[in-house]
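# Overview (structure and organization)
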Amino acid sequence: MATQSPPPLTVPSWIDGAEKTHETTFAVIAPSTSNVCWNAASASPADALLAVEAAAAALPAWKASKPMRRRAILLRAAALMEERADELSGYMSTEMGADAAFARHLVLELAIAMLRDCAARAPTVCGSVQAVETEGQSAMVWKEPYGVVLGIVPWNAPYVFGVRAAATAMATGNTTVLKASEMTPRCYWALGKILHDAGAPAGVVNIISSCPSDAPDLARAMVEHPAVKKINFTGSATVGRKVARLCSDNLKPVLLELGGKNSAIILPDADLEKAARACIVGGFANAGQICMSTDRLIIHADIAPEFLQVLKKSLAAAQAASPSLPLVASAASAARLGSVVADAQARGAHVFSGGPNPPGKAAHFAPTVLGGLSSDMDASREENFGPLMGYVTVTSEEEAVEVTNGSGYGLSASVFTRDLRKGFALAKKLECGAVHINSMTVQDEVALPFGGVNRSGWGRFNAAEGMEEFLVTKCVTWDD
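First, a word on scope: everything that follows refers to the structure included in this document.

Rules used throughout
Residues numbered from 1 in each chain as written. Predicted model: local features only at pLDDT ≥ 70, side-chain atom pairs only at ≥ 80, totals over all residues. Heavy atoms only, no water. Axes fitted to C-alpha atoms, helices over the stretch in contact; angles between N-to-C directions. Helix = DSSP H or I, 4+ residues; strand = E, 2+ residues; numbered from the N terminus. Parallel < 35°, antiparallel > 145°, perpendicular 65-115°, else oblique. Left-handed = near helix turned anticlockwise from the far one by under 90°. Contact = heavy atoms within 4.5 Å. Pairing = 2+ DSSP bridges. Phe/Tyr/Trp six-rings, centres within 6.5 Å; stacked < 30°, edge-to-face > 60°. Buried < 20%, exposed > 50% of the residue type's maximum accessible area, 1.4 Å probe, protein only. Lys NZ or Arg CZ within 6 Å of the ring centre and 35° of its normal. Expected span 1.5 Å × (residues − 1). Core = buried A, V, L, I, M, F, W, Y, C linked by side-chain atoms within 4.5 Å. Salt bridge = Lys/Arg side-chain N within 4 Å of Asp/Glu carboxyl O.

Turning next to the packing of helix 2 (residues 67-83) against helix 5 (residues 158-171). How two helices pack is summed up by the angle between their axes together with the distance between the axes. Where helix 2 contacts helix 5, the two axes come as close as 10 Å, and the packing angle between them is 165°. Relative to helix 5, helix 2 is oriented roughly antiparallel. Remark: the crossing between helix 2 and helix 5 carries right-handed chirality. Here Arg-70, Ile-73, Leu-74 and Met-81 of helix 2 lie close against helix 5, whose contacting residues are Tyr-159, Val-163, Ala-167, Met-170 and Ala-171.

Now for the sheet that holds strand 21 (residues 471-479). Spatially, the 3 strands line up as an open sheet ordered 6-7-21, and their pairing is antiparallel. The open sheet has two edge strands with one neighbour each: strand 6 (128-130) and strand 21. Neighbour-to-neighbour, the strand axes of the sheet open up by a mean angle of 25°, direction not taken into account. Bridge count for strand 6 against strand 7 (residues 137-145) is 3 bridges, and the pairing is antiparallel. Bridge pairing in strand 7 places Gln-130 opposite Ala-139.

We now examine the packing of aromatic side chains. Taken as a whole, this structure holds 4 aromatic pairs when the rule is applied. Relative to Tyr-91, the ring of Trp-38 lies with its centre 6.1 Å away and its plane at 90°, an arrangement referred to as edge-to-face. Linking Trp-38 in strand 5 (residues 35-42) with Tyr-91 in helix 3 (residues 85-96), this pair joins segments that are 53 residues apart in sequence. The pair Trp-38 / Tyr-91 is uniform in exposure class, with both members buried. Here the aromatic rings of Trp-155 and Phe-385 are separated by 5.7 Å at their centres, their planes lie at 90°, and the arrangement is edge-to-face. Here Trp-155 is found in the loop between strand 8 (148-152) and helix 5, whereas its partner Phe-385 is found in the loop between helix 12 (378-381) and strand 17 (388-394), with 230 residues between them in sequence. For the pair formed by Trp-155 and Phe-385, the shared burial category is buried. Joined through ring pairs, the aromatic side chains of Trp-38, Tyr-91 and Trp-189 make up one cluster. Positioned above the aromatic ring of Phe-461 is the side chain of Arg-164, whose terminal nitrogen or guanidinium carbon lies 3.8 Å from the ring centre.

This part covers helix 6 (residues 185-197). Over its 13 residues, helix 6 extends 18 Å from the first C-alpha to the last, a length consistent with the 18 Å expected when each residue adds 1.5 Å. The buried count for helix 6 comes to 10 of 13 residues, which makes it a mostly enclosed element. Restricting attention to buried positions, one finds in helix 6 the residues Pro-185, Arg-186, Cys-187, Tyr-188, Trp-189, Ala-190, Leu-191, Gly-192, Ile-194 and Leu-195. A positive backbone phi angle near 110° is found at Gly-199, which sits one or two residues after helix 6.

A few words on unusual backbone geometry. Glycine aside, a negative phi is what most residues show, and trans is what most peptide bonds show. In this structure, Phe-385 takes a positive phi of about 50° despite not being glycine. Its identity is not glycine, yet Asn-454 carries a phi of approximately 55°, on the positive side. Turning to its location among the elements, Asn-454 is positioned in the loop between strand 19 (434-437) and strand 20 (457-458). On the basis of relative accessible area, Asn-454 is assigned to the partly exposed category, the value being 43%.

Grouped together as the largest cluster of nonpolar side chains are 70 residues, with contacts concentrated most on Met-81, Met-92, Tyr-159 and Met-170. Among residues more than four places away in sequence, those in contact with Met-170 are Trp-62, Arg-70, Ile-73, Leu-74, Leu-195, Ala-200, Val-204 and Val-205.

Quick look at the pattern of salt bridges now. Following the criterion strictly, the structure yields 16 salt bridges and no others. In this structure, Glu-83 and Arg-76 form a salt bridge, with 3.8 Å as the shortest nitrogen-oxygen distance. In this structure Glu-83 comes out as exposed when scored by relative accessible area, which is 57%. We note a salt bridge from Arg-455 to Glu-382, for which the minimum N-O separation is 3.4 Å. Within this pair, whereas Arg-455 is found in the loop between strand 19 and strand 20, its partner Glu-382 is found in the loop between helix 12 and strand 17, the two being separated by 73 residues in sequence. Taking the relative accessible area as the measure of exposure, Arg-455 reaches 23% and is therefore partly exposed. Shared partners join several salt bridges into a network, and the residues in it are Arg-84, Lys-193 and Asp-197.

This is the structure in structure tokens:
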């Protein structure tokens, strides 16, 4: 008699220090097979409020905890993440199709470094003593946690985004609820288990996910709850606007890290081979699904023919080294990228490198470079978020700045030049949160504040500036 296969695993939520299932579930689709890899518990607004209330109940004790205790828990979590690296990278590869090396050596290593950095910074949170005008009076400035912080986190680097939201909140004495992406619920569940196993008290970190149709109701319920004092969101500018509007309606501060239309400017005195290599890695790492990915190459006309020859040669070498097509997050993502290419071609662009996908590769997309971009194309105006970039030529540095700033985004940019003074001068004119001179647009490390301007959001994660985002400043005066 034929045996039935076991039902798919259901990924639970973490609420008040325990795994919770809910009345409904949703399917998680593996992009490599287009099949269900597992199901996930789908939280309702009522479940979300239970998570908020658990975080609120845990707040007084956690706020009063000593920084050394918070540091010890975060350091233990980093060690556990290292021990479970193969398991964690496997979840990420299954859920979002990430290359195993990218998941293991870039995403996980950065997440571990963030845990250790937040741990190290926890004991450094301090206020100051100020001299005041009135004789016989003194003053201090305190730094205090907000309270319950809601983090809404995406799928494309789940351990990095989950760690920086949860660990920064924990290090500064806040408690938190993370609303995980529906595309990577098991990655976020695994992070919750690590923090639980590392000794985080019940309610300090709560992690829920839901089917996409319920996400707006969950966000509204949590933002409107009086215990939630601040929100951080990482994701698209489109959803970021909605989150910002909701926070504005409730007069609650929000930290937004949104997308980017990230340009690499190649000047006549650049090292062309170095620039080409950096643009290829910056554009195609993680199948281009990084907010800092290089979307546009802005090439000075004086060296455009030479640089394009170097670029084509470098692209051929990269393809020979890794001939398989990259996986994007879903078949829908691949279809969207195809429509971006079709729109550009209809408006006069041409395919410089890459091309149509072979049949039967629904969630794959060939790394593609478009030439002849113009401002009326989606490929020129909006974030591609896939292995797709384009190029334009300019005749001056001023035009390069105008094209870069004209997108309305402002996350990351690169400038390739052998003249460091020229690089600094251009960096001052570019409206973005980071400018990398002679390196790719993709750079995120714990020592450097990270975030954007304009349509790329406001506020900063990482470093001392990231810690400040999770702290309230309070002034206290007294008569001597």
